[in-house]
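The primary structure of each chain is shown beneath.
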Amino acid sequence: MSEGEFEIIDKYFANIGWRSDEVQLGPGDDCALLKVSQGNQLCVSTDTLLSGVHLPVGVAGDIAAHRALAANLSDLSAMGARPLGFLIALTLPEADSQWLELFSQTISRLSHQYRIPLVGGNLSRGPLSVTMTIMGTVPEGSALTRSGARVGDAVYTTGYTGDAAAGLRIVTQGREGHEQLARAYCHPMPAIETGQSLRGIASACIDISDGLLPDLDHILQASGVGAIIELDRLSISSALRAFANTGDLLEFVLAGGDDYQLCFCAPPDRQTSILDLSRRTGTLVTRIGNIVTDRGLWLLHPDGHKTLAESRGYRHF
């Protein structure tokens, strides 16, 4: 006899992950009860990952878990938030014990790593779908948003851009080798500590989930400004340069998505603070351009000429 909904929840999800005193009532009741301390604001976000859309068909449980939780944690990092708790709504075609074991073990490990407890969720039968809702807190008035970029600010990215998009191609085509790129797609590492450290430094911030150009364009639209990106300053890994031909390289870096790194803006007088932050957190931070008055997203080529970028990237519809 196959396991039912409540047996699966009890076996794989009831007692996993980080424990927190802020969770006053966790899984097992109709709602979770979380304590938010005075002077803090609650940040809430949700993401759905679907098989064949955001996840490769036949994806292993550990990869599905890692990508789903990393995607949601990355939203918190973009706001400068501290993780508080998360919920999982999991739809499965069948109760595969090996898949569930990998999924729940990965969730538990990441829960401990990022000190964020699982506080509830839902389980149902159907095509594979992983929806997570995540919560975090920020001191009141300190949340990073997309609307604060000002003319004269520098534009920065964290980590390498484009690795995950190349990793997706490697994984879906079943290629051997290129471990760094495959890992960037399968096991992204959200910049939680960096995001929190950017409070009071960054003027605007977003996570790079749909591609550098379209995500930066969200900042420009919200802030009413333009930007010039210097192509010879982009943060490109040696692994990506070795994998991609010239034509694919910029496509991966500018529009690939799935990096779950940060793109942020900051005034020129914050440069020393950003360098200190980079050293303290061990995060690669690269200045790639500047915020300008003229609307639009401009690319400055190594030979000095400028072109207006197409804000392309992943689109759901």
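Residues numbered from 1 in each chain as written. Predicted model: local features only at pLDDT ≥ 70, side-chain atom pairs only at ≥ 80, totals over all residues. Heavy atoms only, no water.

*Asks:* Describe in detail the sheet that holds strand β12 (residues 296-300), supporting the description with residues and values.
*Replies:* Reading across from one edge, β8-β10-β7-β11-β9-β12-β13 is the order of the seven strands in this open sheet, with mixed pairing throughout. Bordering the open sheet on either side are β8 (204-208) and β13 (306-308), each of which pairs with just one other strand. Mean inter-strand twist for the sheet, computed between neighbouring axes without regard to direction, equals 25 degrees. Docked against the sheet, helix α2 (residues 61-79) engages β8 and β10 (261-266), running at close to 165 degrees with respect to β8. Sheet strands in contact with helix α7 (residues 212-223) are β7 (154-158), β8, β9 (226-230), β10, β11 (285-292) and β12, and its direction is about 155 degrees off that of β8. (Pairing = 2+ DSSP bridges. Helix = DSSP H or I, 4+ residues; strand = E, 2+ residues; numbered from the N terminus. Axes fitted to C-alpha atoms, helices over the stretch in contact; angles between N-to-C directions. Contact = heavy atoms within 4.5 Å.)

*Asks:* How would you summarise the sheet that holds strand β5 (residues 118-125) if you had to cite specific residues and measurements?
*Replies:* Within the open sheet, the four strands sit side by side as β3-β6-β4-β5. Their pairing is mixed. Since the sheet does not close on itself, it has two edges, and those belong to β3 (40-50) and β5, each with one partner. Each neighbouring strand pair of the sheet contributes to a mean axis angle of 15 degrees, computed without reference to strand direction. Here β3 pairs with strand β6 (residues 129-139) via 11 bridges, running antiparallel. Along β6, the bridge assignment pairs T46 with T133. Along the sheet, α2 makes contact with β3, β4 (82-92) and β6, crossing β6 at roughly 25 degrees. Helix-sheet contacts for helix α3 (residues 97-113) involve β4, β5 and β6, and the interaxial angle to β4 is about 170 degrees.

*Asks:* Break down the pairing of β12 for me, citing the residues and quoting the values.
*Replies:* Burial of the side chains of β12 is restricted to one face: L297 and L299 are buried, whereas none of G296, W298 and L300 on the reverse face is. Judged from the five bridges that link them, β9 and β12 form a sheet pairing that is parallel. The residue bridging G226 from the neighbouring strand is G296, located in β12. Pairing geometry for β12 and β13, over three bridges, is antiparallel. The partner of W298 across the bridge, within β13, is L308. (Buried < 20%, exposed > 50% of the residue type's maximum accessible area, 1.4 Å probe, protein only.)

*Asks:* Requested: an account of helix α10 (residues 271-281), with residues and values cited.
*Replies:* Residues of α10 that are buried include every one of I274, L277, S278 and T281, and no others. Down the axis, α10 shows its buried residues gathered within 100 degrees of arc, on one side only. Structural note: α10 exposes T272, R279 and R280 on the side pointing more than 90 degrees away from its buried face. Positive phi shows up at G282, right after α10, with a value of about 70 degrees. (Arc of directions from axis to C-beta.)

*Asks:* Give a description of a nonpolar patch on the surface that names residues and reports values.
*Replies:* On the surface, a cluster of nonpolar side chains totalling about 240 Å² of accessible area is made up of V36, L42 and V44. The topology assignment puts V36 in the loop between β2 (33-34) and β3. (Patch = residues over 30% accessible without salt bridge, like charges linked within 9 Å, V, L, I, M, F, W, Y side chains within 5 Å. Areas by Shrake-Rupley, 256 points an atom, 1.4 Å probe, with all protein chains shown as cover. Salt bridge = Lys/Arg side-chain N within 4 Å of Asp/Glu carboxyl O.)

*Asks:* Go over unusual backbone geometry with me, naming the residues and quoting the values.
*Replies:* Even without being glycine, R115 reaches a positive phi, approximately 55 degrees. Inspection of the secondary structure puts R115 in the loop between α3 and β5. Phi is positive for D258, close to 70 degrees, though the residue is something other than glycine. Position of D258 among the secondary structure elements: in the loop between α9 (246-255) and β10.

*Asks:* Could you give me a rundown of the nonpolar core, with the residues and numbers involved?
*Replies:* Core analysis: the biggest nonpolar cluster contains 38 residues, and F13, F86, L90, F103, I107 and M132 have the highest contact counts within it. Among the secondary structure elements, those contributing two or more residues to this core are α1 (5-12), β3, α2, β4, α3, β5, β6 and α5 (179-186). Considering every element that reaches this core, the biggest residue donor is α2, with seven residues. When sequence neighbours within four positions are dropped, the list of residues in contact with M132 reads S45, T46, D47, A65, A68, L69, N72, F86, L87, I88, F103 and I107. I170, L213, F243 and L299 belong to the second largest nonpolar core, which has 35 residues in total. (Core = buried A, V, L, I, M, F, W, Y, C linked by side-chain atoms within 4.5 Å.)

*Asks:* Provide a residue-level description of the packing of helix α4 (residues 163-172) against α5, including the pertinent values.
*Replies:* The geometry of α4 relative to α5 is characterised by a closest axis approach of 7 Å and an angle of 100 degrees between their N-to-C directions. One way to sum up the angle between α4 and α5 is to call them roughly perpendicular. For the pair formed by α4 and α5, the contact residues are D163, A164, A166, G167, L168, I170 and V171 on the first element and Q180, L181, A182, A184, Y185 and C186 on the second. (Parallel < 35°, antiparallel > 145°, perpendicular 65-115°, else oblique.)

*Asks:* Outline the side chain of S111, supporting the account with residue identities and numerical values.
*Replies:* Mapped onto the elements of the fold, S111 is located in helix α3. Note on S111: relative accessible area 1%, which makes it buried. Residues contacting S111, with those up to four places away along its chain left out, are G17, W18, L69, F86, I116, P117 and L118.

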